[in-house]
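Examining the three-dimensional arrangement
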Amino acid sequence: VVVFGAMGNDLAVYKEAFQKPFLEQSQAYYRKKSQEWMQTDSTPEYLIKAEKALKEEEDRVNRYLEKTTMEVLLKECQIEILQVHE
């Protein structure tokens, strides 16, 4: 994130060049992980892993990414981890 700011780029460049592919990769990752968890874990274990994963993503955004990424990232992760398997 600091690199984008230092280069004089605005948030639109960050969103297109980094955030969009990052979200796509995060979706794919959690789609695969959630399928693995569904096959191997009980419901309580699955929910514990889901909660931990969402918290870790939130922490990553707070440490490394533009804060505007938080809402869209957590939404996409929640869809892949929780809603897809309803």
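The model shown is predicted, which means the values in this text are computed figures rather than measured ones.

Position of Glu 57 among the secondary structure elements: in helix α3 (residues 43-64). Glu 57 has contacts with Phe 22, Tyr 30, Leu 73, Leu 74 and Cys 77, leaving out every residue within four places of it along the chain.

For the rest of this paragraph, the subject is the packing of helix α2 (residues 11-40) against α3. Across the interface, α2 lies against α3 with an axial gap of 10 Å and an inter-helix angle of 160°. On the basis of their axis angle, the class for α2 and α3 is roughly antiparallel. Where α2 crosses over α3, the two elements pack in a sense that is right-handed. For the pair α2 and α3, contact is made by Phe 22, Tyr 30, Ser 34, Trp 37, Met 38 and Thr 40 and by Glu 45, Tyr 46, Lys 49, Ala 50, Ala 53, Glu 57 and Arg 60, respectively. Across the contact of α2 with α3, the residue classes tally to 7 nonpolar, 2 polar and 4 charged.

Bringing the pattern of salt bridges into the picture now. Under the defined criterion, the tally for this structure stands at 8 salt bridges. For Glu 80, the salt bridge is made with Arg 31, and the minimal N-O distance between the two is 3.0 Å. In this pair, Glu 80 sits in helix α4 (residues 69-83) while Arg 31 sits in helix α2, placing the two residues 49 residues apart along the sequence. Salt-bridge contacts for Lys 33 lead to Glu 36; the nearest nitrogen and oxygen are separated by 3.3 Å. With Lys 33 and Glu 36 both in helix α2 and 3 residues apart, this pair spans about one turn of that helix. Glu 36 gets classed as partly exposed once you look at its relative accessible area, which sits at 31%. Overlapping salt bridges bring together Lys 32, Lys 33 and Glu 36 as one network.

The rules we used
- Residues numbered from 1 in each chain as written.
- Predicted model: local features only at pLDDT ≥ 70, side-chain atom pairs only at ≥ 80, totals over all residues.
- Heavy atoms only, no water.
- Helix = DSSP H or I, 4+ residues; strand = E, 2+ residues; numbered from the N terminus.
- Contact = heavy atoms within 4.5 Å.
- Axes fitted to C-alpha atoms, helices over the stretch in contact; angles between N-to-C directions.
- Parallel < 35°, antiparallel > 145°, perpendicular 65-115°, else oblique.
- Left-handed = near helix turned anticlockwise from the far one by under 90°.
- Nonpolar A, V, L, I, M, F, W, Y, C, P; charged D, E, K, R; others polar.
- Salt bridge = Lys/Arg side-chain N within 4 Å of Asp/Glu carboxyl O.
- Buried < 20%, exposed > 50% of the residue type's maximum accessible area, 1.4 Å probe, protein only.

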